[in-house]
Amino acid sequence: SLCNLNDGAATSDQPLALDHRHNRGGIVFWRKTKTLGSKVFCDGKWWHWCTKHICASDYDGLYMTHDESGHDKWQERKDHFKEHNRRVKREKQGGAQEGV
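Predicted, not measured: the structure shown is a model, and the values here were computed from it.

A word on the overall build of the protein chain. Secondary structure summary: the protein chain contains one helix and five strands in total. Each helix (α) and strand (β) of the protein chain, taken in turn from the N terminus, gives the series β-β-β-β-β-α. Going through the 100 residues of the protein chain one by one, you find that 25% of them count as buried. Taking all contacts inside the protein chain whose residues are at least 6 apart in sequence as the whole, residues at least 24 apart take part in 28%. Carbon together with sulfur atoms contributes 50% to the accessible area of the protein chain, which is approximately 7200 Å² in total.

Dropping the structure here:
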């Protein structure tokens, strides 16, 4: 897919061909390295560089759909969603065991 660069000051109308292959973690390669400036428009969304996403063996910052100031709110929603899914899974497993 093609993406357009915007570093917050100047816009490039030249589309970029980015590497959309995924690694084992499911993150496309172009999102892992800050080579496109502070934000880029790609796949119909604005992607912002966020330094709060760190995986020591893989990346130190990621292009995300939230900007850095929105990271904490994004993390709260993610944590809530994960806990809800864990609770539902536990309830389903418990219900299946009771019915045996």
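Below, the discussion takes up the packing of aromatic side chains. Following the criterion strictly, the structure yields four aromatic pairs and no others. Measuring from centroid to centroid gives 5.7 Å for Trp30 and Trp47, while their planes differ by 85°, and the two rings are edge-to-face. Of this pair, Trp30 sits in the loop between strand E2 (16-17) and strand E3 (39-42) while Trp47 is found in strand E4 (residues 45-55), placing the two residues 17 residues apart along the sequence. Trp47 matches Trp30 in its accessibility class, with the two residues each being buried. Geometrically, the ring pair formed by Phe41 and Trp46 is edge-to-face, given 5.2 Å between the ring centres and 65° between the ring planes. Through a chain of ring-to-ring contacts, three or more aromatic side chains come together here, namely Trp30, Trp47, Trp49 and Tyr63. Sitting over the ring of Trp46, Lys39 keeps its end group 4.9 Å from the ring centre.

Right, let's get into unusual backbone geometry. The phi dihedral of Asp43 is positive, around 55°, even though this residue is not glycine. Examined against the element boundaries, Asp43 turns out to sit in the loop between E3 and E4.

On to the pairing of E3, then. A regular strand places its side chains so that they alternate between the two faces of the sheet. Side-chain alternation along E3 places Val40 and Cys42 on a buried face and Lys39 and Phe41 on a face that remains uncovered. Where E3 meets E4, four bridges bridge the pair, whose relative direction is antiparallel. Looking at the pairing, Cys42 lines up with Lys45 of E4. In textbook terms, the turn of a hairpin is the stretch between consecutive antiparallel strands, and for E3 and E4 this stretch comprises two residues, one of which, Asp43, has a positive phi near 55°.

Counting residues in each nonpolar core, the largest one holds nine residues, listed as Cys3, Val28, Trp30, Leu36, Val40, Cys42, Trp47, Trp49 and Tyr63. Of all elements in the fold, only E3 and E4 reach the threshold of two or more residues within this core. Here Tyr63 is in contact with Trp30, Arg31, Thr33, Lys34, Thr35, Leu36, Gly37, Ser38, Val40, Trp47, His48 and Trp49, once residues within four sequence places are set aside. With six residues, the next largest nonpolar core counts Ile27, Tyr59, Leu62 and Trp74 among its residues.

About the thresholds
Residues numbered from 1 in each chain as written. Predicted model: local features only at pLDDT ≥ 70, side-chain atom pairs only at ≥ 80, totals over all residues. Heavy atoms only, no water. Helix = DSSP H or I, 4+ residues; strand = E, 2+ residues; numbered from the N terminus. Buried < 20%, exposed > 50% of the residue type's maximum accessible area, 1.4 Å probe, protein only. Contact = heavy atoms within 4.5 Å. Areas by Shrake-Rupley, 256 points an atom, 1.4 Å probe, with all protein chains shown as cover. Phe/Tyr/Trp six-rings, centres within 6.5 Å; stacked < 30°, edge-to-face > 60°. Lys NZ or Arg CZ within 6 Å of the ring centre and 35° of its normal. Pairing = 2+ DSSP bridges. Core = buried A, V, L, I, M, F, W, Y, C linked by side-chain atoms within 4.5 Å.

Purely geometric numbers; function is a separate question.
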